[in-house]
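Listed below are the residues making up each chain.
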Amino acid sequence: MTSPADGPGVAAAGGGRAAVVGTGLIGGSIGLALRARGWHVSGSDADPSRARRALELGALDAVGTDPHAEITFVATPVGAVAEVARGALAHGGVVTDVGGVKAPIVGEVGDPRFVGGHPMAGSEHEGVDGSTATLFEGATWVLTPTVDTDPDAYARVRAVVSSLGANVVALAPDRHDALVALVSHVPHLAAATLMRVASREADENAAVLRLAAGGFRDMTRVAAGQPGIWLDVCAENRDAIVEGLDRLLDSLAAMRTWVAGGDLHALHAALDEARHARIKLPTVVDRVEQELVEVSVPVPDRPGVLADVTTLLAELNVNIENLETVDSPEGDAGELVLVVAASAEERVCEALRRRGYRPSSRLLP
């Protein structure tokens, strides 16, 4: 663990040396966001012309690898992440990725300095030409610590990601994959399917797509994404996606039954439930003008503590505004220092006590 004086927050704020492997939309946006905050960013891509274009657009300072990079972001297709990450780890520093599937990657890399990541951000624009330094501001960025994750590596990655304006959520890798299948992978496949149905109908009736107004366009927008990246995602997260598709099919079958049978009461109840659930979807976390508390958690020096504490707060739907790790002079214990909204103080401390921790808290000035 590190001390606050030389911890991850300082490096993140002042900039440093970073590397990006894969210079598409996400990799290019990471490069632009880091450079805007004073980082020196090197980058590479399987297609050298994409890396050169990233350099032209200002997403990179240099094309190539940087053996002195403090942090490397792997922004390749999911199937290539593990191999690239292992190569980057050989140079030192910490490594994270942006893939939409986590459990297979984290398991295959198997290194304490690798922190699986997934920014829940995107754009209708494709490739590095669609990159923007503000892509991650207000977006959710999932990190997936495990029992083997080095606390300092996690704190460093978390600090850098947070500095890009993202709201970090910690989830276990398999939990991430199950949830993302439901809210990202299945919706993409559903949108693609609906778009195919409408397109085939348009072959017989050209007026169909002319009638496609806002609702249809909003629902099928993600179907415009590049299909290539979804092949790896579906292969790597097959079981969770199939389970999600089965649940969707069951719900569609019920909807069909109500419509076909004229059961307007059941139909109204289902539509009303969906309406209220949609209204309650969380918006961007307000990180401005709120009172904050510092929660200090003495922890034993054993594997799994970091993942336990950070994923617990995710389950509580509490945003961690800052996180530091502090060594104990005795060397057999340490301390996690979390900064959270004052409104969540009681819930956080009580949940930590139920897990066997002894937290203390103070209001920050």
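What counts and what doesn't
Residues numbered from 1 in each chain as written. Predicted model: local features only at pLDDT ≥ 70, side-chain atom pairs only at ≥ 80, totals over all residues. Heavy atoms only, no water. Pairing = 2+ DSSP bridges. Helix = DSSP H or I, 4+ residues; strand = E, 2+ residues; numbered from the N terminus. Contact = heavy atoms within 4.5 Å. Axes fitted to C-alpha atoms, helices over the stretch in contact; angles between N-to-C directions. Left-handed = near helix turned anticlockwise from the far one by under 90°. Nonpolar A, V, L, I, M, F, W, Y, C, P; charged D, E, K, R; others polar. Phe/Tyr/Trp six-rings, centres within 6.5 Å; stacked < 30°, edge-to-face > 60°. Buried < 20%, exposed > 50% of the residue type's maximum accessible area, 1.4 Å probe, protein only.

**A short note on the sheet that holds strand 5 (residues 94-97)**
Two strands in a sheet stick together by hydrogen bonds in their backbones, pointing the same way (parallel) or opposite ways (antiparallel). The sheet built from eight strands is open, its strands ordered 3-2-1-4-5-6-7-8 with mixed pairing. Two strands lie at the open edges of the sheet, namely strand 3 (62-63) and strand 8 (167-170), each paired on one side alone. As paired strands, strand 4 (residues 71-74) and strand 5 are joined by four bridges and run parallel to one another. Paired with I71 across the strands is V94, a residue of strand 5. Strands strand 4, strand 5, strand 6 (114-120), strand 7 (140-144) and strand 8 of the sheet are contacted by helix 6 (residues 151-163), whose axis makes an angle of about 150° with strand 8.

**What to know about the packing of helix 7 (residues 173-204) against helix 11 (residues 238-261)**
In the contact formed by helix 7 and helix 11, the axes pass within 8 Å of each other and the chain directions differ by 60°. Considering only the axes of helix 7 and helix 11, their crossing is right-handed. In this structure, helix 7 contributes D177, A178, A181, L182, H185, V186, L189 and A190 to the contact, and helix 11 contributes A240, I241, G244, L245, R247 and L248. Looking at the contact of helix 7 with helix 11 residue by residue, the class counts come to ten nonpolar, two polar and two charged.

**Thoughts on the packing of aromatic side chains**
For the structure shown, the criterion picks out two aromatic pairs. Considering the side-chain rings of F73 and W141, the 6.3 Å spacing of their centres and the 65° angle between planes classify their relative orientation as edge-to-face. Remark: W141 occurs in strand 7 and F73 occurs in strand 4; sequence separation between them is 68 residues. Residue class for W141 comes out buried when judged on its relative accessible area of 0%. Every member of this aromatic cluster is reached through a ring pair, and the members are F73, F136 and W141.

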